Amino acid sequence: MAVVPLLLLGGLWSAVGASSLAVVTCGSVVKLLNTRHNVRLHSHDVRYGSGSGQQSVTGVTSVDDSNSYWRIRGKTATVCERGTPIKCGQPIRLTHVNTGRNLHSHHFTSPLSGNQEVSAFGEEGEGDYLDDWTVLCNGPYWVREGEVRFKHSSTEVLLSVTGEQYGRPISGQKEVHGMAQPSQNNYWKAMEGIFMKPSELLKAEAHHAEL
């Protein structure tokens, strides 16, 4: 597994595979797999040649690429405390670790499929309200073994891959875009990464449920 630059993130970390923690939490750094097309959500300092001209977001088949790590954060202008479990229906930001830009969408057309463009936007983790995505899942929390959808909070498209493939300079990478209709193309799963331990909040809620 590729090394994640963790010095900037701080805190106590639990590597995937070394823990039985079931929930995905704020502050975790993860790779997200599109389960239909078997590609991981990816970005890099390569800009679109059309549309917004912002940093491109793609899907890659490589498991080891460090440009596929995303940090899970609270929605714009909020702080989600490290270790807070992500609830189904909660808006979040996904910040690309290596470039500091947030997963973003807007009313531009994607270059290959003609769907809605998905880009990476902002500087040092700060962009705007178009960086917010709502986690859609079953049950109270986003669990690591479960598939989820990400719905763009402002335009309501779903983060999707339908298989279109780029040529140079990013040959073989798949287009990532937003689609209005739910389908198998917009399911994602947390894979490799560094997962923050759940906070005391989850333990307290579990204790309350037992009473």
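Residues numbered from 1 in each chain as written. Predicted model: local features only at pLDDT ≥ 70, side-chain atom pairs only at ≥ 80, totals over all residues. Heavy atoms only, no water.

As annotated in an unreviewed UniProt entry, the protein is Stromal cell derived factor 2 from Piliocolobus tephrosceles. Check the Subcellular location (unreviewed entry) section of the UniProt entry for the protein; it says "Secreted". (UniProt positions renumbered as here; feature names shortened; annotations may be inferred.)

Student: Teacher, can you tell me more about the pairing of strand 9 (residues 133-136) here?
Tutor: Every regular strand shows the same layout, with side chains that alternate between the two sheet faces. Relative to strand 9, strand 6 (residues 91-96) is paired through 2 bridges, and the arrangement is antiparallel. Among the inter-strand pairings, Pro91 is bridged to a residue of strand 9, identified as Thr134. Summarising the sheet, strand 9 and strand 10 (residues 149-152) pair through 4 bridges and their orientation is antiparallel. By the bridge assignment for strand 10, Leu136 is matched with Arg149. (Pairing = 2+ DSSP bridges. Helix = DSSP H or I, 4+ residues; strand = E, 2+ residues; numbered from the N terminus.)

Student: Would you take a moment to explain the side chain of Glu117 for this structure?
Tutor: Note that Glu117 resides in strand 8 (residues 116-121). Buried and without a salt bridge, Glu117 has Arg47 as its closest oppositely charged side chain, separated by 9.2 Å. For Glu117, the contacting residues outside a window of four places in its chain are Tyr48, Ser50, Gly51, Ser52, His104, Ser105, His106, Phe108, Thr109 and Ser110. (Buried < 20%, exposed > 50% of the residue type's maximum accessible area, 1.4 Å probe, protein only. Lys, Arg positive; Asp, Glu negative; His and termini not counted. Salt bridge = Lys/Arg side-chain N within 4 Å of Asp/Glu carboxyl O. Contact = heavy atoms within 4.5 Å.)

Student: Would you mind going over the nonpolar core with me for this structure?
Tutor: Side chains of nonpolar character tend, in soluble globular proteins, to be buried together. Judged by nonpolar contacts, the single largest core of 31 residues is most densely connected at Leu32, Leu41, Val57, Leu103, Trp142, Phe150 and Leu159. Sorting the residues of this core by element identifies strand 2 (29-34), strand 3 (39-47), strand 5 (70-74), strand 6, strand 8, strand 9 and strand 14 (188-196) as the ones contributing at least two each. When residues of this core are assigned to their parent elements, the largest contribution, 3 residues, is made by strand 14. Among residues more than four places away in sequence, those in contact with Leu32 are Val39, Arg40, Leu41, Leu94, Trp142, Phe150, Trp188, Lys189 and Ala190. (Core = buried A, V, L, I, M, F, W, Y, C linked by side-chain atoms within 4.5 Å.)

Student: Just to check I follow, could you spell out the pairing of strand 14 for this structure?
Tutor: Burial analysis of strand 14 places 7 of its 9 residues in the buried class, which makes it a mostly covered element. Direction of pairing for strand 2 relative to strand 14: antiparallel, over a ladder of 5 bridges. Note that in strand 14 the partner of Leu33 across the bridge is Lys189.

Student: How should I be thinking about the pattern of salt bridges in this particular structure?
Tutor: If the charged atoms of two oppositely charged side chains come close together, the side chains can form a pair. A full pass over the atoms with the stated rule returns 6 salt bridges. For Glu126, the salt bridge goes to Arg73, with nearest N and O atoms at 3.0 Å. Within this pair, whereas Glu126 is found in the loop between strand 8 and strand 9, its partner Arg73 is found in strand 5, the two being separated by 53 residues in sequence. A single salt-bridge network, built from bridges that share partners, covers Asp45, Arg101 and Glu123.

Student: So what exactly am I meant to see when it comes to the confidence of the model for the protein here?
Tutor: Where the model shows low pLDDT, its predicted coordinates should not be examined in detail. Residue-level pLDDT values for the protein average 88, and 84% of them are 70 or greater. Below a pLDDT of 50 lies the segment residues 1-20, which in the model reaches 41 contacts outside its immediate sequence neighbourhood of four places, other chains included. (pLDDT = per-residue confidence, 0-100.)

Student: So what exactly am I meant to see when it comes to the side chain of Thr95 here?
Tutor: Counting through the fold element by element, Thr95 comes out in strand 6. Within the structure, the side chain of Thr95 is placed 2.6 Å from the side chain of Asn102, a separation counted as a polar contact. Excluding its chain neighbours within four sequence positions, the residues that come into contact with Thr95 are Tyr69, Trp70, Arg71, Arg73, Gly100, Arg101, Asn102 and Gly125. (Polar contact = N/O pair within 3.5 Å; in protein donor to acceptor, adjacent residues only side chain to side chain.)

Student: Can you walk me through the state of the cysteines in this structure?
Tutor: What we call a disulfide is simply a covalent bond connecting the sulfur atoms of a pair of cysteines. Counted by the stated rule, this structure contains 2 disulfides. A sulfur-sulfur distance of 1.8 Å marks the disulfide that ties Cys26 to Cys80. Sign of the S-S torsion, about 85 degrees for the bond between Cys26 and Cys80, identifies this disulfide as right-handed. Of this pair, Cys26 sits in the loop between strand 1 (13-15) and strand 2 while Cys80 sits in the loop between strand 5 and strand 6; the two residues are 54 residues apart in sequence, bridging distant segments of the chain. Between the sulfur atoms of Cys88 and its disulfide partner Cys137 the distance amounts to 2.0 Å. The chirality of the disulfide connecting Cys88 with Cys137 is left-handed, given an S-S dihedral of about -115 degrees. (Disulfide = S-S within 2.5 Å.)

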